[in-house]
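Chains, contacts and geometry: an overview
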Amino acid sequence: MGSGAARITDLPFEVLEHILLISGPTNVASAAQVCRFFRDLIYPVGDEHFWRALYLAQPFDDPRQAVTHLGNRRTDIKWREELQRIIRANTVVNDVTVCRPDERCQVLRTLLDMVTNVPPLPFPESEPTSRNVTWMQTLLQDGTFLDLESQSHEEQQLRARLHTWFGLTDRDGLAAKRVESRAFVYSQRNYRSSNNFGPFLRDGSGEVDWVHMQKLAHVFARALVEREEVEELAFEICSMNLIFCQANIPPSIDLNHETDWAGVEGLWRISYCFMDHRELLIYNDLNLPEDEPLDVTIFEDEELQETFSAVDIFFRVINVEKDPDHPTRPIINYVGEMDGNFTIVGYVKLTPDDQIRWHFVAGNGDQPVWCGEAIVMGNIRSQYGVLGAWSTTLHDPQDPIGPFWMQCQHPIED
């Protein structure tokens, strides 16, 4: 080749940059290994201009428009680092054999970051718009990655949280998986004072047990699917999946100065299900030692169905209390009104691991009979709703238990 031959490096900087941007992140990484010229172009010291442009050229949300799951604007965007993590996570999900043992949790955290940091919707009736969510649905729908066996407690919790948020996968239709989830949800052994009789870790920390949450989500979603096949639902089954995870934050509201930051006030639909009480007692055999497993064969009966019901309740905030651990997210005390009577009393607060917890007791007058412990699904004020477990206030081993799901039908905005 003669000395006068044209070289790609002779092209204007702007043209070279454009070529790299349309080549995609994987090809950009390969180009950086060709020579020092391209490496300096792609990895300039102290300048993220190129990586910001490369990130925004991908089918993802603009992180500058995103909020965290608690509604705070992002201020710490690291364009290169975040894009490299996303591309690596995509690679691992599509071929788990390339995953290094020390990066399993990092991949899960990256995927969770993708759905817990998305642009908010301005109104409850707004159509979902998150590109991150669309990308994630395509990536995880078959359920293979979400069903991988975890190698540590941290990985198990991260994977279960991602699965809970995602909703039903193709593999969640398997009969064996439903047996496993029902056996967990309807076992009285999983509701003790150490976990506040709800979906919390049993170490007394008050942190969410996402394995428990994923089982609740699976059982309830499958019950909804069955119900949809026999009669028309009053709400869409698809509301229990990732597409509805975006926060709803009207432009006029600053959640850091909002009393009802969780969007409690309004008309809510509480849907709940439970299994036949006689079958529940048979399954929770009180004569069986605690160290012996319960017999799950009762759940292998394809005719077994939960009873499903729903009530509409109007929630009203009565006051708030300071939360020293979360100054901008005070404890919200509320009451639930049905047919002109106050039937529910409860509170909403952040857990030690910054999840939004709903607690309530319900009954007639001053005699509460039922109680509920639940966690917000999706991001703050999202249409995904609130999922948890209900039981009695006495928590007797022979009392009924089951999952419930709440969705706000008509929020009240100031």
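Cut-offs used in this document
Residues numbered from 1 in each chain as written. Predicted model: local features only at pLDDT ≥ 70, side-chain atom pairs only at ≥ 80, totals over all residues. Heavy atoms only, no water. pLDDT = per-residue confidence, 0-100. Contact = heavy atoms within 4.5 Å. Helix = DSSP H or I, 4+ residues; strand = E, 2+ residues; numbered from the N terminus. Salt bridge = Lys/Arg side-chain N within 4 Å of Asp/Glu carboxyl O. Buried < 20%, exposed > 50% of the residue type's maximum accessible area, 1.4 Å probe, protein only.

Quick look at the confidence of the model for the protein chain
When pLDDT is averaged along the protein chain, the result is 89, and 92% of the positions lie at 70 or above. Residue range residues 230-237 is modelled with pLDDT below 50. Its contacts to residues more than four positions away, or to other chains, number 14 contacts.

Details of the environment of C35
With respect to the secondary-structure elements, C35 resides in the loop between helix 2 (25-31) and helix 3 (36-42). Distance from C35 to R7, taken between C-alpha atoms, is 13 Å for residues 28 residues apart in sequence.

What about the pattern of salt bridges?
Going through the model one piece at a time under the given rule, you end up with 20 salt bridges. R159 is the partner of E155 in a salt bridge, and the nearest nitrogen-oxygen pair spans 2.5 Å. Here E155 and its partner R159 are both found in helix 8 (residues 153-166), 4 residues apart, which amounts to about one turn of the helix. Owing to a relative accessible area of 2%, E155 belongs among the buried residues under this scheme. For R178, the salt bridge goes to E306, with nearest N and O atoms at 3.7 Å. Here R178, found in helix 9 (residues 175-185), pairs with E306, found in the loop between helix 11 (277-283) and strand 2 (307-321); they are 128 residues apart in sequence, far enough to count as distant. With respect to burial, R178 and E306 carry one shared label: buried.

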